[in-house]
Protein chains: 2
Amino acid sequence: MTIKVIMQELSTSEENYIKAIYAIEQAERDTVSTNALAEQMQTKASSVTDMVKKLSAKSLITYEKYKGVTLTEEGIAIAIKLIRKHRLWETFLVEKLGFGWDEVHEIAEQLEHIQSSKLTQKLDAFLNYPKFDPHGDPIPNEDGVIHKNEKARNLSETDLQEAYIVIGVSDVSPSFLKYLDKNGINIGSKIKVLQRYDFDQSISIEFNGKEINLSKTAVQNITVIPN
Amino acid sequence: MTIKVIMQELSTSEENYIKAIYAIEQAERDTVSTNALAEQMQTKASSVTDMVKKLSAKSLITYEKYKGVTLTEEGIAIAIKLIRKHRLWETFLVEKLGFGWDEVHEIAEQLEHIQSSKLTQKLDAFLNYPKFDPHGDPIPNEDGVIHKNEKARNLSETDLQEAYIVIGVSDVSPSFLKYLDKNGINIGSKIKVLQRYDFDQSISIEFNGKEINLSKTAVQNITVIPN
DNA sequence: AATATATTTTAGGCAAGTCTAAAAATATTA
DNA sequence: TAATATTTTTAGACTTGCCTAAAATATATT
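Computed from a prediction, not measured in an experiment: that's the story for all the values here.

Moving on, we come to the overall build of chain A. When helices and strands are tallied, chain A shows 8 helices and 8 strands. By its C-alpha atoms, chain A is 60 × 40 × 30 Å across when sized along the principal axes. Here chain A holds 227 residues, and the buried ones make up 42% of them. Within chain A, contacts between residues separated by at least 24 positions form 59% of all contacts whose residues are at least 6 apart in sequence. Counting every atom, chain A has about 12,600 Å² of accessible surface; 48% of that belongs to carbon and sulfur. Side-chain charges in chain A split into 27 positive and 33 negative, and the spacing between the mean points of these groups amounts to 3 Å.

Spelled out as structure tokens, the structure:
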């Protein structure tokens, strides 16, 4: 027998509050103050108080007057679902539609509120169950599990002989992009770190069967995740 | 020099009214009455009057008390953009995510309100600029041009010995879908009309080298375009 | 044409989500 | 600890989009 938890339908605004509370809880390990939430939501403290009462009545947060709020288990589950959808859509926009990783946030912000768990599942499958989004942030799986331990890292912090996937570059100067392009390196490129030269902090990697040397500057601007 | 028309941001509700007015204008070739619109929107006539005043103030419709409404040029443009987005998303859901033809309407109803013309363009390109959605309805192009040029037609209105491509079905009963599935017929399937039997209005087609007989009912529910 | 019926609009109200201004509680500091 | 400053809540109001009930207008019928 399968147990299906009926999850209440939330408004876009309610969902955004849940997400904001989750984000603050992750950053500061404390209850979330009204002002912090107002700041995060770009609204007034009085509006926050109103909403906080409503979410509390729905048991998505615990709220005590003048003492801030905390997400309940159910609230956390909703936040993670939203993050999952957001990151899956960002991955879709970059990998399938060819958007730049810097242009997808706003659109994903809208897409994450589309209601259909089947859509999320199918999107996940279509993208081949990605573990990280284009910004290197982990994508929660369907059960809400987030692999926070394997976080995206800089190429300079990798282990030798290990395989990685390029998920981003921080320097976006045309010359750097051209340099990567010339070598065929792109988002999604699978590379292996061969050697690290301490004298100039350059490294050599294996990519597409070829060995490529990357300067210190290049290395510092490439973000990877373990493959 | 490119002229960019700044289009005002509309609420989901406003957009839905515009779409509803457009739909009624297409069906009946007349001004749209308050009651007809209330029926279409599943709401009360008084609510319609309220909204109609607002849309009129925004010059998206012309409205004269007790005389019904008509979309302005700008209103029509918005309606067509919404239809374009709706049909592109439906195509995406069916062709890329593997949804059934019958399950995509509700989701597309949400997706069509996502604001980003770049997203629409890129989605269109990703889908290879489809001309018809999974239901056989034409997809307006970026300039709002709808190729109604009688391309999509019912299988019952085809010419013998001609090649066609299946672009949709109107009956969405599971048994009918299963029936098509068993024969391997799908959206995009290339068929040739072999013969038409007047006594029971069934036809025989060639598909994948095999000859398949389709009953009158089946025929009436399949939409094709000339190949 | 006068009356009956149907349609549409107005008037007033409600919920969601926001705001400002003022009051209440908490935190800081002299 | 008492005064001051900050944070949070309350009270009342606004907008959007909807509602009901009643009034106004248009249409149909005798």
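What follows is about the protein's contact with DNA strand D. As a structural note, the neighbourhood of DNA strand D is formed by 21 residues, with Tyr63 and Lys65 of chain A together with Ser11, Thr43 and Lys54 of chain B the closest of them. Protein-adjacent atoms of DNA strand D, using a 4 Å cutoff, are sugar or phosphate at a proportion of 77%. Taking lysine 44 of chain B, its main chain carries an N or O atom lying 3.1 Å from a phosphate oxygen of DNA strand D. Of all the secondary-structure elements, those providing two or more residues to the surface near DNA strand D are helix H2 (34-41) and helix H3 (45-57) of chain A together with helix H1 (12-27) and helix H3 (45-57) of chain B.

Under the defined criterion, the tally for this structure stands at 9 aromatic pairs over all chains. Considering the side-chain rings of tryptophan 89 of chain A and phenylalanine 92 of chain A, the 5.6 Å spacing of their centres and the 85° angle between planes classify their relative orientation as edge-to-face. One end of the pair is tryptophan 89 of chain A and the other is phenylalanine 92 of chain A, both in helix H4 (residues 73-95) and 3 residues apart, which spans about a single turn. Across the pair, phenylalanine 92 of chain A and tryptophan 89 of chain A agree in class, each one buried. Here lysine 122 of chain A stacks its cationic end above the ring of phenylalanine 99 of chain B, 5.3 Å away from the centre of that ring.

This part takes up the protein's contact with DNA strand C. With respect to spatial proximity, 21 residues lie near DNA strand C, and among them Thr43 and Lys54 of chain A together with Lys53, Tyr63 and Lys65 of chain B are the closest. Take the atoms of DNA strand C that sit within 4 Å of the protein: sugar and phosphate atoms are 75% of them. Threonine 43 of chain A is positioned with one of its side-chain polar atoms (N or O) 2.4 Å from a phosphate oxygen of DNA strand C. Among the secondary structure elements, those contributing two or more residues to the surface near DNA strand C are helix H1 (12-27) and H3 of chain A together with helix H2 (34-41) and H3 of chain B. Sort the elements by how many residues they give to the surface near DNA strand C and H3 of chain A lands first, with 5 residues.

Moving on, we get to helix H7 (residues 174-182) of chain B. Residues and elements named next belong to chain B. Where H7 is concerned, the buried positions are Phe176, Leu177 and Leu180. Mapping the buried residues of H7 onto a view down its axis gives an arc of 100°, with all of them on the same face. For H7, the exposed residues lying more than 90 degrees away from the buried face are Pro174, Ser175, Lys178, Asp181 and Lys182. Where the residues of H7 are buried, they touch strand S4 (163-169), helix H8 (216-220) and strand S8 (222-226). Directly after H7, the chain includes glycine 184, whose backbone phi takes a positive value near 80°.

Taken together, the 20 residues of chain B in the interface contact 20 residues of chain A. Between chain B and chain A lies a buried interface of about 1,700 Å² when both sides are counted; carbon and sulfur atoms form 72% of it. Area buried by chain B at its contact with chain A is led by Leu97, Gln110 and Lys122 of chain B, which between them contribute 29% of it. Applying the counting criterion to the chain B and chain A interface returns 2 salt bridges.

When a strand is regular, its side chains alternate between the sheet's two faces. Residues and elements named next belong to chain B. Looking at chain direction, S4 and strand S5 (residues 190-197) are connected through 3 bridges and run antiparallel. Within S5, the residue paired with tyrosine 164 across the bridge is isoleucine 191. Bridge count for S5 against strand S6 (residues 202-207) is 6 bridges, and the pairing is antiparallel. Bridging across to S6, valine 193 finds its partner in isoleucine 205. Connecting S5 to the next strand, S6, in antiparallel fashion are 4 residues, including glutamine 201 with a positive phi near 55°.

Quick look at the sheet that holds S8 of chain B now. Strand pairing in a sheet relies on backbone hydrogen bonds. The paired strands run either parallel or antiparallel. Residues and elements named next belong to chain B. Taken in spatial order, the 6 strands of this open sheet run S3-S8-S4-S5-S6-S7, and their pairing is antiparallel. Bordering the open sheet on either side are strand S3 (153-154) and strand S7 (210-214), each of which pairs with just one other strand. In the packing of H7 onto the sheet, contacts are made with S4, S7 and S8, and the angle to S4 comes to roughly 150°.

Okay, the packing of H2 of chain B against H3 of chain B next. Residues and elements named next belong to chain B. For the pair H2 and H3, the least separation of the axes is 8 Å and the interaxial angle reads 105°. Looking at the two axes, H2 sits roughly perpendicular to H3. Contacts between H2 and H3 pair Thr34, Asn35, Leu37 and Ala38 from the former with Ala45, Val48, Thr49 and Val52 from the latter. Each residue belonging to the contact of H2 with H3 can be placed in one class, and the counts come to 5 nonpolar, 3 polar and no charged.

Calculation rules
- Every chain is numbered independently, its residues counted from 1 as its sequence is written.
- Chain letters start at A and ligand numbers start at 1, both assigned in the order the entries are written.
- Only residues with pLDDT of 70 or above have their local features reported here, since the model is predicted, and side-chain atom pairs are shown and tallied only from 80 upward, although totals for entire chains, interfaces and linings are computed over all residues.
- Only hydrogens and water are removed before side-chain values are computed, so all heavy atoms of the structure are retained for them.
- Note on conventions: DSSP H or I runs of at least 4 residues are helices, E runs of at least 2 residues are strands, and numbering of each starts at the N terminus.
- Residue exposure (1.4 Å probe, protein chains only): buried if accessible area is under 20% of the type maximum, exposed if over 50%, otherwise partly exposed.
- Contact definition: two residues touch when any of their heavy atoms are within 4.5 Å.
- Every accessible area reported is derived by Shrake-Rupley at a probe size of 1.4 Å, with residue values counting cover from the shown protein chains alone.
- Counting rule for charge: Lys and Arg are taken as positive, Asp and Glu as negative, and neither His nor the chain ends is counted.
- Every charge is mapped onto a representative atom, which is NZ of Lys, CZ of Arg, CG of Asp or CD of Glu.
- To be near a molecule or strand, a residue needs just one of its heavy atoms within 4 Å of it.
- Residues adjacent in sequence count toward polar contacts only when both atoms are side-chain atoms; beyond that, a polar contact is any pair of N or O atoms within 3.5 Å, and within protein one must be able to donate a hydrogen and the other to accept it.
- When two rings of Phe, Tyr or Trp (its six-membered ring) have centres within 6.5 Å they constitute a pair, described as stacked for plane angles under 30 degrees, edge-to-face for angles over 60, and tilted for the intermediate range.
- Only Lys NZ and Arg CZ are tested; either one counts as a charge over a ring when it is within 6 Å of the ring centre and within 35 degrees of the ring normal.
- By construction, the arc corresponds to the directions joining the helix axis to the C-beta atoms.
- Accessible surface is computed with a 1.4 Å probe, and the buried area is the amount of it that two parts give up when combined, taken over both parts together.
- Only one rule defines a salt bridge in this text: a Lys or Arg side-chain nitrogen within 4 Å of an Asp or Glu carboxyl oxygen.
- When DSSP finds at least two bridges between two strands, those strands are taken to pair.
- Fitted lines through C-alpha atoms give the axes, limited to the stretch in contact for helices. The angle between two N-to-C directions lies from 0 to 180 degrees.
- Oblique is the label for any angle not under 35 degrees, not over 145, and not in the 65 to 115 range, which are roughly parallel, roughly antiparallel and roughly perpendicular in turn.
- Side-chain classes are defined by residue name, with Ala, Val, Leu, Ile, Met, Phe, Trp, Tyr, Cys and Pro counting as nonpolar, Asp, Glu, Lys and Arg as charged, and the others, Gly among them, as polar.

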